[in-house]
Amino acid sequence: MKLSGKGSVKYDKVNEKLAEIKNEVSKVIVGQEDVIDQILTCMLCDGNILLESNPGMGKTKMASTISESIGLDFARIQSTPDLMPSDITGTHIIDDSSGKAEFEFQEGPIFANMVLADEINRATPKTQSALLEAMQEKQVTVGNKSYELERPFFLIATQNPIEQEGTYPLPEAQMDRFMMKIKVDFPEHEEEQDIVKRFTEELNYDPDLNKVISRASLIKLQEFTRQVPIADDILNDVVNIVRATRKKQELDYGASPRASINLVLAAKGHALIENRNHVSQKDVDVMAKPVLRHRIGLSFAAEKKGLTEDDVIKEIVDGV
Amino acid sequence: MIDGLRDGTVRIEGLLKRLKREYWKVKILQSSLDTLILVLSINFIAFLSSISYDYRILGGIAGGFFLLNLVYRTRGYSVEIYEEENSELQELLRTARDNLDKRDEVSEALFGDVMDRARTVTSESIIPSERLVQKLFLVGGLSILTAVSGLVVPAIDVDTSNVYESFNQLVDSESGEDDFRGNVSNVLGEESDLDETGSQVDISIVGEGESFEESVLRGFSGDTELRYEASPELTGDEELMREYSLRIRELE
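Just so you know, these numbers come straight off a predicted model, no measurement behind them.

Caption draft 1: Geometry of helix 13 (residues 309-319) of chain A. Residues and elements named next belong to chain A. Among the residues of helix 13, Asp 310, Val 312, Ile 313, Ile 316 and Val 317 are the ones counted as buried. The arc that holds every buried residue of helix 13, seen down its axis, measures 160 degrees, which confines them to one face. In helix 13, the exposed residues that point more than 90 degrees away from the buried face are Asp 318 and Gly 319. Residues of helix 13 that are buried make contact with strand 9 (180-183), helix 9 (232-247), strand 10 (251-253), helix 11 (281-292) and strand 11 (297-298).

If you want it as structure tokens, here you go:
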């Protein structure tokens with residue numbers, strides 16, 4: 001299916017609109033500009049996001065604020081071990097309001113434009129896999145019937161890096177379906193002061209956010225993202241970076257061709273956010289870590305040396 | 001809309017061609033300078049070493065060197081050269097070049113951007129100006145040395161044999177049938193009395209008349225005749241002289 005956001009936003013207004021979205025988000029979220037940029041990039045590329053951070057970093061607030069400023073329906077799923085797939089996708093219920101009992105499909109929270117699956121690694125693998133189809137195919141199958149999800153659709157999943165007991169680590173196949181794994185770091189001292197002030201001076205801090213763009217405009221922005229031209233040599237560099245992950249000694253396994261596709265797309269999205277009408281090498285360098293870090297596996301020797309995925313990616317990018 | 005996008009592509013193609021022309025201009029200039037330096041150096045060294053050579057050989061060397069130099073310099077042309085020298089074009093030109101077949105709004109915006117930024121790009125921007133100035137100074141120095149060496153070196157062996165030869169040929173040709181020197185009146189078939197072989201004509205005149213004092217004492221008279229006698233070598237022509245005199249009187 002080809003969607004079109006025709007007539008909704010002009011290309012010369014793209015940067016202005018993106019800046020307005022960031023401005024609206026900054027009314028609620030203090031700092032974290034890089035994280036917001038990466039989330040917006042993913043949205044421009046029609047990709048799903050895996051957010052990793054300690055609890056209390058404002059992940060849920062960030063996701064809901066972004067969806068509000070874009071005018072998207074927002075849904076939140078708190079993952080627990082007893083969460084069932086039907087709790088996510090929806091289920092058939094008996095409707096007898098018309099006097100005749102009939103099965104009617106009741107949509108689950110997945111039928112929103114932006115779905116936040118909190119602590120996804122606490123859900124069982126069966127429930128996690130229920131999200132796979134929605135992430136990749138933008139549809140869910142209940143019983144023997146498939147339901148298409150309304151575009152645009154994004155899944156933002158979060159996980160806690162420090163508490164692993166009682167969790168079900170996401171399998172590589174599912175990790176690969178996330179376009180980016182975004183790490184949310186602790187805020188700077190001044191930023192934290194601002195956060196404390198902002199959320200302690202009012203009983204319920206909830207500023208009015210303007211809806212900057214419509215859903216159709218977002219789809220148009222996604223079309224523009226795909227149109228951003230890239231030079232052949234930069235494209236070649238992307239492929240070389242991804243291929244290098246498969247040969248690197250410090251890695252048990254490398255990234256798939258889907259990683260190459262996502263890295264080029266992410267670089268295009270980043271170029272658009274940076275108000276550039278072509279992909280620069282800088283876009284690739286900036287996007288390499290969030291796109292690749294969850295698609296590679298460190299070897300035991302590398303972990304013993306204290307290396308992280310980001311260290312290896314940086315080494316690869318610098319070497320290409 | 002489609003026409004506009006096509007125009008953008010055409011403009012970019014035109015720009016890429018223009019940049020290639022600018023590149024060739026710079027390389028031709030550099031090769032010309034290198035060739036000039038080579039020619040002047042060879043000429044100067046040959047002069048100092050008193051080696052004579054055929055100018056055609058030097059011309060051949062210069063032509064060959066120019067072509068090889070130009071081929072060497074132009075072998076690696078790419079738009080990246082302009083990007084390196086013009087930071088505002090960084091990655092723009094090659095992206096535009098690699099996406100010439102695209103017809104969408106973002107590509108069109110890129111083409112427009114490239115055209116705007118490339119407006120100031122000329123061959124000057126890819127000339128290594130410092131090196132060029134150095135070469136120009138070298139050419140100037142060699143030219144001055146070549147010119148000055150001809151003035152200050154005294155032992156210049158100028159071959160003047162050709163000049164003498166030409167002069168003699170001229171003299172010889174004048175002594176041929178078209179001889180116009182000597183007594184050419186030839187009215188009465190007389191012989192030429194001009195000594196062509198010598199540069200000195202010896203004429204002595206001996207007078208037999210009375211002295212100035214004697215003439216004063218005697219007083220001037222109307223029928224007094226002054227008599228002169230030619231040198232003995234000319235006495236053979238006395239008859240001829242007389243005949244001339246008579247003819248002249250008759251004419252008068």
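Caption draft 2: Representation of the packing of aromatic side chains in the model. All names here are of chain A. Counting across every chain of the model gives three aromatic pairs over all chains. Ring geometry for Phe 105 and Phe 111: centres 5.7 Å apart, planes at 70 degrees, overall edge-to-face. In this structure Phe 105 comes out as buried when scored by relative accessible area, which is 15%. With 6.4 Å between their ring centres and 80 degrees between their planes, Phe 111 and Tyr 147 make a pair best called edge-to-face. Residue Phe 111 is located in the loop between strand 4 (102-107) and strand 5 (114-118), and its partner Tyr 147 is located in strand 7 (residues 145-148); the two are separated by 36 residues in the primary sequence. Side by side, Phe 111 and Tyr 147 carry an identical accessibility label, which is buried. Grouped by ring-pair contacts, the aromatic residues Phe 105, Phe 111 and Tyr 147 constitute a single cluster.

Caption draft 3: Structural context of the state of the cysteines. By the definition in use, this model includes zero disulfides over all chains. The thiol of A:Cys45 is unpaired, and the distance to the nearest cysteine sulfur, on A:Cys42, comes to 6.6 Å.

Caption draft 4: Seen up close, the packing of helix 1 (residues 14-25) of chain A against helix 3 (residues 59-70) of chain A. Residue and element names in this part refer to chain A. Where helix 1 meets helix 3, the closest approach of the two axes is 9 Å, and the angle between their N-to-C directions is 135 degrees. What the angle tells us is that helix 1 and helix 3 run oblique. Relative to helix 3, the crossing made by helix 1 is right-handed. Residues Ile 21, Glu 24 and Val 25 of helix 1 pack against Thr 65, Ile 66, Ser 69 and Ile 70 of helix 3. Partitioning the contact of helix 1 with helix 3 into residue classes produces four nonpolar, two polar and one charged.

Caption draft 5: Geometry of the side chain of A:Asn54. The residue A:Asn54 is located in the loop between strand 1 (49-52) and helix 3 in this model. When neighbours within four sequence positions are excluded, A:Asn54 is seen to be in contact with A:Lys59, A:Asn160, A:Pro161, A:Ile162 and A:Phe186.

Caption draft 6: Quick look at the pairing of strand 6 (residues 139-142) of chain A. Residue and element names in this part refer to chain A. A one-sided burial pattern is seen for strand 6, the buried positions being Val 140 and Val 142 and the unburied ones Gln 139 and Thr 141. In this sheet, strand 7 lies alongside strand 6 in antiparallel orientation, the contact comprising four bridges. Residue pairing across strands places Val 140 opposite Tyr 147, the latter belonging to strand 7. In this antiparallel pair of consecutive strands, strand 6 and strand 7, the connection spans two residues, and Gly 143 shows a positive phi of 65 degrees.

Cut-offs and rules
- Residues numbered from 1 in each chain as written.
- Chains lettered and ligands numbered in written order.
- Predicted model: local features only at pLDDT ≥ 70, side-chain atom pairs only at ≥ 80, totals over all residues.
- Heavy atoms only, no water.
- Buried < 20%, exposed > 50% of the residue type's maximum accessible area, 1.4 Å probe, protein only.
- Helix = DSSP H or I, 4+ residues; strand = E, 2+ residues; numbered from the N terminus.
- Arc of directions from axis to C-beta.
- Contact = heavy atoms within 4.5 Å.
- Phe/Tyr/Trp six-rings, centres within 6.5 Å; stacked < 30°, edge-to-face > 60°.
- Disulfide = S-S within 2.5 Å.
- Axes fitted to C-alpha atoms, helices over the stretch in contact; angles between N-to-C directions.
- Parallel < 35°, antiparallel > 145°, perpendicular 65-115°, else oblique.
- Left-handed = near helix turned anticlockwise from the far one by under 90°.
- Nonpolar A, V, L, I, M, F, W, Y, C, P; charged D, E, K, R; others polar.
- Pairing = 2+ DSSP bridges.

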